[in-house]
Amino acid sequence: MRFLATFLALSLQLFCLAQTETTAPVSQEMSVPAEGTPMIGYLSYDSVLTAMPQCAIVEKQLEELATQYEAELKRVEDEFNQKYEAFLDGRKDFPRTILLKRQTELQQLMQRNIEFRENSQKELQQARDEAYAPLQQLLSKAIAIVAQRHRLAVVVNTDANACPFIDPALAVNISQEVEKELSKLRIEN
């Protein structure tokens, strides 16, 4: 969907540029790429992002956090299982009120465990988003610098086979240049 919107925006720009060229003379102020200069850049956003040295650090931190959550999930699961087994062992001997009380406790414990699992998944996703945000900002800045240097109208992300064909005569792969630009930039706090 994003590709379609980008394609339509580029088509509109090219149409407007063609209209301007046919209806009005090109002024010196107008920024028009030289003949044969590509107006489209492309790269694999994910490949460039994962090539960043900071990405490995972020992934390691996220793995450690996920391990902590998994350990806690295992602990609460074991606690539930112990209480459930104790309930099963004693249910024949419990008076009705104790039996109902223990059932209620088990149901509440199970509900809390389910909520904890859901909340931990949300918190892990939030931690992931927050950890990657500075890297994505840095990557966006590098892409913008390279795109402006090449006077590109648009940069296409080729991830997920979003763009199965790109004519190399009309577009330029900016992946390596963006990676070089990233080595010059620093994450701003």
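Quick note: structure is the one above.
Throughout what follows, the structure given in this document is the object of discussion.

## Looking at the pattern of salt bridges
Here is step 1 of the chain: Throughout the structure, instances matching the rule amount to 10 salt bridges.
Here is step 2 of the chain: Between Arg75 and Glu72 there is a salt bridge whose closest N-O contact spans 2.8 Å. One end of the pair is Arg75 and the other is Glu72, both in helix 3 (residues 53-90) and 3 residues apart, which spans about a single turn.
Here is step 3 of the chain: Arg75 gets classed as partly exposed once you look at its relative accessible area, which sits at 44%.
Here is step 4 of the chain: The class for Glu72 is partly exposed, based on a relative accessible area of 28%.
Here is step 5 of the chain: Connected through shared salt-bridge partners, Glu72, Arg75, Glu79 and Lys83 make up one network.

## Brief notes about unusual backbone geometry
Here is step 1 of the chain: Backbone geometry at Ala160 places phi at a positive 60°, although glycine is not the residue there.
Here is step 2 of the chain: In this structure, Asn161 is a non-glycine residue whose phi angle is positive, near 55°.
Here is step 3 of the chain: By relative accessible area, which is 58% here, Asn161 ends up exposed.

The rules behind the values
- Residues numbered from 1 in each chain as written.
- Predicted model: local features only at pLDDT ≥ 70, side-chain atom pairs only at ≥ 80, totals over all residues.
- Heavy atoms only, no water.
- Salt bridge = Lys/Arg side-chain N within 4 Å of Asp/Glu carboxyl O.
- Helix = DSSP H or I, 4+ residues; strand = E, 2+ residues; numbered from the N terminus.
- Buried < 20%, exposed > 50% of the residue type's maximum accessible area, 1.4 Å probe, protein only.

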